[in-house]
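# Overview (structure and organization)
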Amino acid sequence: MRKRTVFVFNAFIRALALAGFGEDAVCVYREMNESGVGSDRFTYTYVLKACVCLSSRSWGLSLCVRKGKEVHGHVLRHGFESNVHVGTTLLDFYARYGCVWYAGNVFDTMPVRNVVSWSAMIACLVKNGRSFEALKLFWEMEDVSLNLGCNSVTMVSVIQACAALAALGQGKLIHCYVLRKGLNSILPVTNSLISMYSRCGSIEIARCIFDQMDNRDVVSWNAIISGYGIHGNAEEAIMLFEEMIRRGFSPNKITFVSVLGACSHAGLIHKGRKLFDSMAHVHNIFPSEEHYACIVDMLGRAGRLDEAVKVVDGMRIEPGPPVWGSLLGACRIHCNVELAERASLRLFEIEPMNAGNYVLLADIYAEARMWEEVNKVKKLLESSSLQKIPGCSWIEVKRKIYSFMSIDEVNPQTEQLHSLLVQLLVEMKERGYVPETKFDLCELDQVEKENIVLGHSEKLAVAFGLINSSNGETIRITKNLRLCEDCHSVTKVISKFANREILVRDVNRVHYFRDGVCSCGDYW
DNA sequence: TTAGGGTTAG
């Protein structure tokens, strides 16, 4: 073209960004700047979208963020920061790269905010694991004086926040709100409600909503199938999968992740393998890394480590962090040092920033009583300046959410909780409970070890629940990591002799403790 | 003739 106007450049950058060619879009933007045609408010929304789809693999995350910050600078220089579309796109750019502080800063300084900018900020908080703040912001938004009016998009994020916190009370409140606003028949809203109820431990309500839907899409089926999966009911998940096919729905990648995950949680290996094989042959979906990770997890969990390794070695695509991570997790369950070393060596190479991998390997060495190796891994972790994610648990009592960390001086009741736990410990030991202290605590004596495990955040939350809720009420707890073995057995015992139903949603699934047994059948 | 936020998984 001889005459390239701002409009022409905009259209080209937009097209490239939409098609996922972030780098090319950024190049065209540079060309645009050099050509001297100028820019307008549309230019910045497109370039920022392009920065979101830059290939972080070849660029590196920090370079992607730097590129966006550069564009942010241009926005300020040209005075477009007061435009609500540009501001919201900027906010969303930071959100997608996990820069919550920058996103919040953009939000706070926007001269005009509308439903979309509020929704974007709420979504940003949810996506970055700050659901508690997301809910707070939502109630702030709902302040009548602001008179903004949320819509279905806002509500989807808010429902996700409740799901992430496993805050059933809040979730029900939000559900009522959705009904009052007449947003309940909008498919994405209903689908996220199904997921929310199952992740909050109430698969029954999730099923009820699913059964009452007039029209469903593949996402609705995926949501309910994965719901049964995290509740350990693989039979129901498989039945729904089969019904879905009978009714003419085409499963997608996520359907298979869900149903294979269900098989893995329940140890249904034969069925899982058959489903995996049917993917390509019957449904024309070629297994991606996530699906391989499910199969490796399924075999590994069941102790069939040799078969799991065969699957990894025979993969048609290069195995990455999910696959090696599943294998390492299986090594921890079955204490296989040799294989753990192979898997973690690869993981340290391709995923050096994940502290969890180091922790897993240290746990495996500790169980094998290889203290020297434990120390080596710990030193490696320290020198890399990575930090373990601290264990954290939440509990919702009377629609208020309380959180606990292992060493928690913030909560005034901590001392009371700890003494209750000590008292419970004595009673439990009389009933034959032995604290599980085999992992990663090599330099301490038995009493110190027991004290540390006793201070785990989920136990504090259970104790808080016992003190602050009435008999007959289910205690509902969420944990940011996987539930530890000791907490699992303690909660079983407590559910029996305190005669209470206790529900713990950990990062992977739901544990429902009743009368001394857990719904996961100790297989998780 | 161009614009911003959202559904299901591990």
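Basis of the calculations
- Residues numbered from 1 in each chain as written.
- Chains lettered and ligands numbered in written order.
- Predicted model: local features only at pLDDT ≥ 70, side-chain atom pairs only at ≥ 80, totals over all residues.
- Heavy atoms only, no water.
- Buried < 20%, exposed > 50% of the residue type's maximum accessible area, 1.4 Å probe, protein only.
- Helix = DSSP H or I, 4+ residues; strand = E, 2+ residues; numbered from the N terminus.
- Pairing = 2+ DSSP bridges.
- Right-handed = clockwise from strand over helix to strand, strands pointing away.
- Contact = heavy atoms within 4.5 Å.
- Near = heavy atom within 4 Å.
- Polar contact = N/O pair within 3.5 Å; in protein donor to acceptor, adjacent residues only side chain to side chain.
- Nonpolar A, V, L, I, M, F, W, Y, C, P; charged D, E, K, R; others polar.
- Phe/Tyr/Trp six-rings, centres within 6.5 Å; stacked < 30°, edge-to-face > 60°.
- Expected span 1.5 Å × (residues − 1).
- UniProt positions renumbered as here; feature names shortened; annotations may be inferred.
- Axes fitted to C-alpha atoms, helices over the stretch in contact; angles between N-to-C directions.
- Parallel < 35°, antiparallel > 145°, perpendicular 65-115°, else oblique.
- Left-handed = near helix turned anticlockwise from the far one by under 90°.

## Concerning the pairing of strand E3 (residues 475-479)
Taken residue by residue, a regular strand's side chains alternate between the two faces of the sheet. Of all five residues that make up E3, four are buried, and the element is covered over most of its length. Note that E3 and strand E4 (residues 502-505) share four bridges and pair parallel. Bridge assignment links Thr478 to a residue of E4, and that residue is Arg505. Where the polypeptide runs from E3 across helix H27 (residues 485-497) and back to E4, its parallel neighbour, the crossover connection is right-handed.

## Describing the environment of Cys51
Structurally, the position occupied by Cys51 is in helix H3 (residues 41-52). On a C-alpha basis, the gap between Cys51 and Val65 in space is 7.8 Å, while along the polypeptide they are 14 residues apart. Not counting chain neighbours up to four residues away, the residues in contact with Cys51 comprise Lys67, Gly68, Val71, Phe93 and Tyr97.

## Considerations on the protein's contact with DNA strand B
In the vicinity of DNA strand B, 40 residues are found, and the nearest of them are Lys49, Asn114, Ser119, Asn222 and Glu290. Backbone atoms, meaning sugar plus phosphate, form 48% of the atoms of DNA strand B positioned within 4 Å of the protein. Here Ser119 contributes a side-chain N or O atom positioned 2.6 Å from a base nitrogen of DNA strand B. When residues of the surface near DNA strand B are traced back to their parent elements, those giving at least two are helix H1 (6-18), H3, helix H6 (84-96), helix H8 (115-127), helix H10 (152-165), helix H12 (187-199), helix H14 (218-230) and helix H16 (253-266). Residue composition of the surface near DNA strand B, grouped by class: 16 nonpolar, 17 polar and seven charged.

## Let's talk about the side chain of His74
In this fold, His74 is placed in helix H5 (residues 61-77). Contacts of His74, omitting those with residues within four sequence positions, involve Tyr29, Asn33 and Tyr44.

## A few points about the side chain of Ser220
Among the structural elements, Ser220 can be located in helix H14. On the basis of relative accessible area, Ser220 is assigned to the buried category, the value being 0%. At a separation of 2.9 Å, a polar atom in the side chain of Ser220 contacts the side chain of Asp217. Look past the residues within four positions of Ser220 in its chain and what remains in contact with it is Leu187, Asn191, Ile194, Phe210 and Met213.

## Thoughts on the packing of aromatic side chains
The tally for this structure, following the rule as stated, stands at 17 aromatic pairs. Their ring planes at 40° and their centres at 5.5 Å tell us that Tyr44 and Phe80 sit as a pair that is tilted. Of the two residues, Tyr44 is situated in helix H3 and Phe80 in the loop between H5 and H6; the sequence distance between them amounts to 36 residues. The pair Tyr44 / Phe80 is uniform in exposure class, with both members buried. Measuring from ring centre to ring centre gives 5.4 Å for Phe276 and Tyr292, while their planes differ by 70°; the resulting arrangement is edge-to-face.

## Things to note about H3
Taking 1.5 Å of rise per residue, the 12 residues of H3 would be expected to cover 16 Å, and the 18 Å separating its terminal C-alpha atoms lies within 8% of that figure. Where H3 is buried, its residues contact H1, helix H2 (22-35), H5 and H6. For H3, the N-terminal capping position is held by Asp40, with its side-chain oxygen 3.0 Å away from the main-chain nitrogen of Phe42.

## Section: the UniProt feature "signal peptide" (unreviewed entry) in chain A
According to UniProt, the "signal peptide" (unreviewed entry) feature falls on residues 1-19. For residues 1-19, the end-to-end C-alpha separation is 21 Å, with 68% helix and 0% strand making up the annotated structure.

## Notes on the pairing of strand E5 (residues 510-514)
A large share of E5 lies buried, amounting to four of its five residues. Adjacent in sequence and paired antiparallel, E4 and E5 are bridged by four residues. As judged from the two bridges shared by E5 and strand E6 (residues 517-518), these two strands associate in the antiparallel manner. Bridge pairing in E6 links Arg514 to Val517. Taking the residues that link successive antiparallel strands as the turn, the E5-E6 hairpin has two residues, and the phi of Asp515 there is positive, at about 50°.

## Here we look at the packing of H16 against helix H17 (residues 269-283)
Where H16 contacts H17, the two axes come as close as 9 Å, and the packing angle between them is 160°. In terms of axis orientation, H16 runs roughly antiparallel to H17. H16 and H17 meet at a crossing whose hand is left-handed. Touching Phe256, Val259, Leu260 and Cys263 of H16 are Lys271, Gly272, Leu275, Phe276, Ser278, Met279 and His283, all from H17.

## Some remarks on unusual backbone geometry
The phi dihedral of Cys335 falls on the positive side, at around 50°, and the residue is not glycine. With respect to the helices and strands, the residue Cys335 is situated in the loop between helix H20 (321-334) and helix H21 (337-350). Given the relative accessible area of 29%, Cys335 is considered partly exposed. Phi is positive for Arg369, which is not a glycine, with a value near 60°. Inspection of the secondary structure puts Arg369 in the loop between helix H22 (355-367) and helix H23 (371-383).

## Looking at the sheet that holds E3
Judged by pairing direction, the sheet is mixed, and its six strands sit side by side in the order E2-E1-E3-E4-E5-E6 without closing on themselves. Only two strands of the sheet have a single neighbouring strand rather than two, namely strand E2 (400-405) and E6. Sheet topology places E4 next to E5; four bridges connect them, and they run antiparallel. Within E5, the position partnered with Ile502 by the bridge is Phe513.

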